[in-house]
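Residue-level listing of the chains:
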Amino acid sequence: MAPMGIRLSPLGVAVFCLLGLGLLYHLYSGVLSSRLAAFRQRKTVDLRDLLALSMEAAVQGGWEVKRIRMEDTLEEKSKGKTKEGALEKLTLGDLNSHRKMYYLIRNTYPYIQVNSEEHDNSDGEATVWTRNIPDEVLSKIPEGKVVPAESVTVWIDPLDATQEYTENLRKYVTTMVCVAVNGEPVVGVIHKPFTGFTAWAMVGGGANVAPRDSYNANAPKVIVSRSHAGKVKGFIQQAYGNNTEIIPAGGAGYKVLALLDASDEEYEKADMYIHVTYIKKWDICAGNAILKALGGHMTTLKGEEIDYSGSEKNPGGVLATVSIDHDAVVKKLPAWDENKN
Ligand SMILES: Nc1ncnc2c1ncn2[C@@H]1O[C@H](COP(=O)(O)O)[C@@H](OP(=O)(O)O)[C@H]1O
Ligand SMILES: [Mg+2]
Ligand SMILES: [Mg+2]
Ligand SMILES: [Mg+2]
């Protein structure tokens, strides 16, 4: 006797399965194909190319900075006040340099995030990168390094030390570009328009600057801001004593170079750089990348790494060192409170 139940015909099962597969295909084919297309279109960018482009941008911006200073056509304005009440100056040097630097990078890589200190309402500039990689870069970094374009944030400071630029203190003035990948600073360029020197570095790649042979970690010379100092002097003296040598200087780019052997012109030589007031990521990212490439550190005053994605704000101050025990310095500094500096 045949067992009770439904008898399945093999043909029926096959037709049922095919219908099921057809339904699944119909439901998911759109999703799958769009995912596949997005995957195929996912853009990448070579960090060595971005380094060379950043150098070119910093140099081209620097020409404008120099020209406007030479012609004495600064058209100095105020953008408002800093959190601490200092005037934030803006000149034609900042604006013209921004246009050159920003559009050169945007036109070459329209799909990467570029954050400049300055903004403009013009139609832009029709410049594109020549794709020339300087020989000094090729010889120190023989291989490129490709990363997803969406992981990249570029920070531009078209003119660092605007205050000193208006006072004609030319040695402090730089133009800077930084490339961060997933928030980590990996490419840094600091260019000096009035000497033509460009400091560059790529983390895990190479650099044209180096740490000096020795640093004094016990009785350090500390370089600080001359126009946004806040209570930095007392902060340093609490850690290292009232006789500590403090060097006031303009520009965040300049102050990082003062920690290095930069073989440009006579630099003030400092053992560490400390900043206690509010500062923005375009001011510090390039220096951070260069120090990191040389085994040094730039952190907040609590010793935290700075994330170079998202907002431009860095409220935690800056401590920069190279070839000395950074954590030991953090421990020696007074407890940091951003509202008291
Ligand atoms: N408290 C603050 N608020 C806003 N920007 C600050 C700041 N302190 C320093 N900066 C910026 O950081 C750079 C270096 O400052 P300093 O010379 O005082 O060390 C300058 O950049 P810019 O000249 O590009 O604006 C300056 O404006
Ligand atoms: Mg400014
Ligand atoms: Mg700046
Ligand atoms: Mg600036």
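Residues numbered from 1 in each chain as written. Chains lettered and ligands numbered in written order. Predicted model: local features only at pLDDT ≥ 70, side-chain atom pairs only at ≥ 80, totals over all residues. Heavy atoms only, no water.

Moving on to the site of ligand 1. Around ligand 1 sit 20 residues in total, of which Ser225, His228, Gly251, Lys255 and Tyr278 are the nearest. Note that a nitrogen atom of ligand 1 is positioned 3.0 Å from one of the side-chain N or O atoms of Thr277. The side chain of Asp283 places a nitrogen or oxygen atom 3.0 Å from an oxygen atom of ligand 1. Summarising the interface, the protein chains cover 96% of the accessible area of ligand 1, which totals 540 Å² for the free molecule. (Near = heavy atom within 4 Å. Polar contact = N/O pair within 3.5 Å; in protein donor to acceptor, adjacent residues only side chain to side chain. Areas by Shrake-Rupley, 256 points an atom, 1.4 Å probe, with all protein chains shown as cover.)

On the protein side, the magnesium ion (ligand 3) has Asp157 (OD), Asp160 (OD) and Asp283 (OD) as donor atoms, found 1.9 to 2.1 Å from it. Going along the chain, you hit the donors of the magnesium ion (ligand 3) in the pattern D-x2-D-x122-D. (Donors = N, O, S within 2.8 Å, 3.2 Å for Na, K, Ca; no water.)

Scanning the entire structure with this criterion turns up 14 salt bridges. Across the salt bridge formed by Glu71 and Arg67, the nearest N and O atoms sit 3.2 Å from each other. Here Glu71 pairs with Arg67, and both are found in helix H2 (residues 47–71), just 4 residues apart, close to one helical turn. Through salt bridges with shared partners, a single ionic network connects Glu64, Arg67 and Glu71. (Salt bridge = Lys/Arg side-chain N within 4 Å of Asp/Glu carboxyl O. Helix = DSSP H or I, 4+ residues; strand = E, 2+ residues; numbered from the N terminus.)

What follows deals with the state of the cysteines. Tallied over the entire structure, the rule returns 1 disulfide. Disulfide partner of Cys178: Cys285, at an S-S distance of 2.0 Å. Taking the sign of the torsion about the S-S bond as the criterion, the disulfide between Cys178 and Cys285, at about -45 degrees, is left-handed. Pair noted here: Cys178 is in strand E7 (residues 174–181) and Cys285 is in helix H8 (residues 281–293), with a separation of 107 residues, a long-range link. Residue classification places Cys285 among the buried positions, given a relative accessible area of 0%. (Disulfide = S-S within 2.5 Å. Buried < 20%, exposed > 50% of the residue type's maximum accessible area, 1.4 Å probe, protein only.)

The alternating pattern of strand E15 (residues 272–275) places Met272 and Ile274 and Tyr273 and His275 on opposite faces, both of which are buried. For strand E12 (residues 222–225) and E15, the ladder comprises 2 bridges, and the chain directions are parallel. If you follow Val222 over to E15, its bridge partner there is Met272. Examined bridge by bridge, E15 and strand E19 (residues 318–321) share 3 bridges and lie antiparallel to one another. Within E19, the position partnered with His275 by the bridge is Val318. (Pairing = 2+ DSSP bridges.)

Interpretation in functional terms is not warranted from these geometric data alone.
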